[in-house]
Amino acid sequence: MRFLIVRTEIRAAADTDIAAAWAGGGRLRDETTTPEPRRQVVHAEDRDAALLLARALACVGAVRAGRHRVKVLPIEEHDPTDPYRWGGS
């Protein structure tokens with residue numbers, strides 16, 4: 001399985017937004033509708049390589065300071081019988 005390693009900026013949330021999400025039982029951030037801005041993207045062919053790359057990106061100063069985060073996302077393999085679908089939904 002292939003993996004996508006992404007370093008993103010963390011969006012700041014206002015106190016009122018946090019309170020509204022907490023009171024309403026909803027989500028503060030929804031990555032499917034408004035993903036965080038990407039700063040760096042790397043591909044890996046297996047899980048061990050993906051975790052090694054994620055560890056390396058976690059050493060970046062902005063990640064250590066809490067301004068960026070590192071995400072490891074699995075990508076589905078390409079189905080040759082379906083030319084219109086590639087990784088994901």
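A brief report on the enclosed structure follows.

So, how was this worked out
Residues numbered from 1 in each chain as written. Predicted model: local features only at pLDDT ≥ 70, side-chain atom pairs only at ≥ 80, totals over all residues. Heavy atoms only, no water. Pairing = 2+ DSSP bridges. Helix = DSSP H or I, 4+ residues; strand = E, 2+ residues; numbered from the N terminus. Axes fitted to C-alpha atoms, helices over the stretch in contact; angles between N-to-C directions. Buried < 20%, exposed > 50% of the residue type's maximum accessible area, 1.4 Å probe, protein only. Arc of directions from axis to C-beta. Contact = heavy atoms within 4.5 Å. Salt bridge = Lys/Arg side-chain N within 4 Å of Asp/Glu carboxyl O.

1. Re the sheet that holds strand β3 (residues 68–75)
Then comes step 1: Across the sheet, which stays open at both edges, the 3 strands sit in the order β2-β1-β3 with antiparallel pairing between neighbours. Both edges of this open sheet fall to β2 (38–44) and β3, since each of them pairs with a single strand only. Strand-to-strand twist in this sheet, taken as the mean axis angle between neighbours without regard to direction, amounts to 20 degrees.
Then comes step 2: Relative to β3, strand β1 (residues 2–9) runs antiparallel, the two sharing 8 bridges. Among the inter-strand pairings, Arg7 is bridged to a residue of β3, identified as Val70.

2. Focus: helix α2 (residues 47–57)
Then comes step 1: Every buried residue of α2 is accounted for by Ala50, Ala54 and Leu57. In a view along the axis of α2, the buried residues occupy a sector of 60 degrees, so they form one face of it. In α2, the exposed positions that point more than 90 degrees away from the buried face belong to Asp48, Leu52 and Arg55.
Then comes step 2: Against β1, β2, α3 (61–64) and β3 lie the buried residues of α2.

3. Concerning the environment of Pro74
Then comes step 1: Of note, Pro74 is situated in strand β3.
Then comes step 2: Along the sequence, Pro74 and His43 sit 31 residues apart, while their C-alpha atoms lie 10.0 Å from each other.
Then comes step 3: Setting aside anything within four residues of it in sequence, one finds Pro74 in contact with Met1, Arg2 and Phe3.

4. Here's the deal with the pattern of salt bridges
Then comes step 1: Within this structure, the stated rule accounts for 3 salt bridges.
Then comes step 2: The partner of Glu9 in a salt bridge is Arg39, and the shortest N-O contact between them spans 3.1 Å. One end of the pair, Glu9, is in strand β1; the other, Arg39, is in strand β2, and 30 residues separate them in sequence.
Then comes step 3: Close ionic contact of Arg69 with Glu36 constitutes a salt bridge, the shortest N to O distance being 2.8 Å. Of this pair, Arg69 sits in strand β3 while Glu36 sits in the loop between α1 (15–24) and β2, placing them 33 residues apart in sequence.
Then comes step 4: Residue Glu36 is classed as buried on the basis of its relative accessible area, which comes to 4%.
Then comes step 5: Several salt bridges converge on common partners, so that one network encompasses Glu36, Arg69 and Lys71.

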